[in-house]
Amino acid sequence: MTVASVGAILPLPALAQAPATAVRGLPDFTELVEQVGPSVVNIRTSEKVAARGGASGMDEDMLEFFRRFGVPIPNMPQRPQRPQQQQPEEEQPRGVGSGFILTQDGYVMTNAHVVEGASEVIVTLTDKREFKAKIIGSDKRTDVAVVKIEATGLPAVKVGDVNRLKVGEWVMAIGSPFGLENTVTAGIVSAKQRDTGEYIPFIQTDVAINPGNSGGPLINMRGEVVGINSQIYSRSGGFMGISFAIPMDEAIRVSDQLRTTGKVTRGRIGVQIGAVTKDVAESIGLGKAQGALVSAVEAGSPAEKAGIEPGDVITRYEGKAIDKFGDLPRMVGNTKPGTKSAITVFRRGSQRDLSITIAEVEPDEKTAAASAPAEEKTPKASAAAQQLGLAVAELTEAQKKELKVKGGVRVVSAEGAAARAGLREGDVLLAVANTEVSGLKSFEAALAKADKAKPINLLVRRGEWAQYVLIRPTR
């Protein structure tokens, strides 16, 4: 037995000396703090509320106790009840947040939720000067707000290029968590283009962000602001290692409009969209799971006028590919209303280029829901349809008009494979295996040609929504 076989420590060959560039230490943030720190501000807000207190100087909560249980109020003579008079209003502290100086002449950027509902906004600089700020404008959709203080020669931040930001890159935040002004935290970029269901693609970091950090800057190692700290993921209400920042390119677009007009104008085309799954992409011949699947088209909208239909997959906008369905509303939203834009849709196996005129987003817009189609009492089903568990019926002209469709068949009953796919009574089938359905005959013909050994895609309309459903026949 050799010495090596019983675990003796043997000398290792000498390692080649690593190049100097490969040796990395932890970053030093001190210069960044000195450089950017003076540009970060603390924001306090207050709101007007009804003055508290009342008879005998007693607290309103105590008065409510006496009133609720019918107990006479001490030292208060009984008087006939009079109509309640409106209480005077008083300023009451509302919250604390952060912000940063955008321009030398006093424009400050923060979060919309920091100043929302505030009757007074106080901005405190690092040199302890305080200013009463005017809210120039705020945008709830992106959570960006701009306020103005009357001062000049202020230390404005440098805005960085978000496109240069890389995952794994060191970043730093300065803000007022829990009211603790000028608090510095640091971490790395965890992800970019993080879609959380909001209008914007967030920058995800592991920088410690807590209540009060909202509106503060996210800073790269070049001392440039690349984002506005806005949200955290938390189950406890405190920091749990995941925070989100609004990218500065999006924030600057919003702030420019707020400073110019006090509001944000966005484009819209009037569609409801969803993701394209891998199974659907393969079944309709799209191949790659990309684009935005149109599930509904608003009546009279730019999309309807351009010829976009439920079931279309929008793959390009102004020549730019749509990788995720969330890309489309951002692209359209950044387009000036009235602009004619090029849009590409994938419909039943082929690409189609359409021209669309962008409309303006209206606040609190509501889309009326279509009522369910009337009952059809004469279901018909071929052998192929029965094999899938489907019984369908013709749409009446009234139903077509109500649904604003040219053709299709209505599902009267769904069992077996059809039920497992999620089909149900009242659904309208607009296409089968990429073939448009005009009525029962075309439905039966398309179903007869479909390869029963593979999942069959059906374009299904349910109320105002349309989506693809895959039926997997039982073998």
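Residues numbered from 1 in each chain as written. Predicted model: local features only at pLDDT ≥ 70, side-chain atom pairs only at ≥ 80, totals over all residues. Heavy atoms only, no water.

Caption draft 1: Region of the structure containing the overall build of the protein. Across its full length, the protein carries 11 helices and 27 strands. Per-residue burial over the protein gives 44% buried out of 475 residues. Long-range contacts, defined as pairs at least 24 residues apart, comprise 61% of the intrachain contacts of the protein with a sequence gap of at least 6. As displayed, the protein has an accessible area near 25,800 Å², and 51% of this comes from carbon and sulfur atoms. (Helix = DSSP H or I, 4+ residues; strand = E, 2+ residues; numbered from the N terminus. Buried < 20%, exposed > 50% of the residue type's maximum accessible area, 1.4 Å probe, protein only. Contact = heavy atoms within 4.5 Å. Areas by Shrake-Rupley, 256 points an atom, 1.4 Å probe, with all protein chains shown as cover.)

Caption draft 2: Representation of helix 4 (residues 248-261) in the model. In this model, helix 4 (14 residues) spans 20 Å end to end at C-alpha, consistent with the 20 Å of a helix rising 1.5 Å per residue. Buried within helix 4 we find Met248, Glu250, Ala251, Val254, Ser255 and Leu258. Buried positions in helix 4, seen along its axis, are confined to an arc of 145° and lie on one side of it. Facing away from the buried side of helix 4 by more than 90 degrees, the exposed set consists of Thr260 and Thr261. Phi turns positive, to about 85°, at Gly262, one or two residues after helix 4. (Expected span 1.5 Å × (residues − 1). Arc of directions from axis to C-beta.)

Caption draft 3: Examining the pattern of salt bridges more closely. For the structure on display, the rule yields 18 salt bridges. Linking Arg347 and Asp312 is a salt bridge whose minimum nitrogen-to-oxygen distance equals 2.7 Å. Within this pair, whereas Arg347 is found in strand 19 (residues 340-347), its partner Asp312 is found in the loop between helix 6 (302-306) and strand 17 (313-317), the two being separated by 35 residues in sequence. Pair check on accessibility: Arg347 and Asp312 agree, each one buried. For the salt bridge of Arg330 with Asp327, the shortest nitrogen-to-oxygen distance reads 3.2 Å. Of this pair, Arg330 and Asp327 both sit in helix 7 (residues 327-333), separated by 3 residues, roughly a single helical turn. The residues Arg330 and Asp327 share a single accessibility class, namely buried. Residues participating in the shared-partner salt-bridge network are Glu309, Asp312, Arg347, Arg348 and Glu436. (Salt bridge = Lys/Arg side-chain N within 4 Å of Asp/Glu carboxyl O.)

Caption draft 4: Inspection of the nonpolar core at higher detail. Core analysis: the biggest nonpolar cluster contains 35 residues, and Phe100, Met109, Ile228 and Met248 have the highest contact counts within it. Sequence-distant contacts of Ile228, defined by excluding residues within four places in its chain, comprise Phe100, Met109, Asn111, Val144, Gly215, Gly216, Phe244, Ala245, Ile246, Met248 and Ala251. Counting residues in hydrophobic clusters, the runner-up holds 22 residues, among them Val392, Leu429, Ala446 and Ile456. (Core = buried A, V, L, I, M, F, W, Y, C linked by side-chain atoms within 4.5 Å.)

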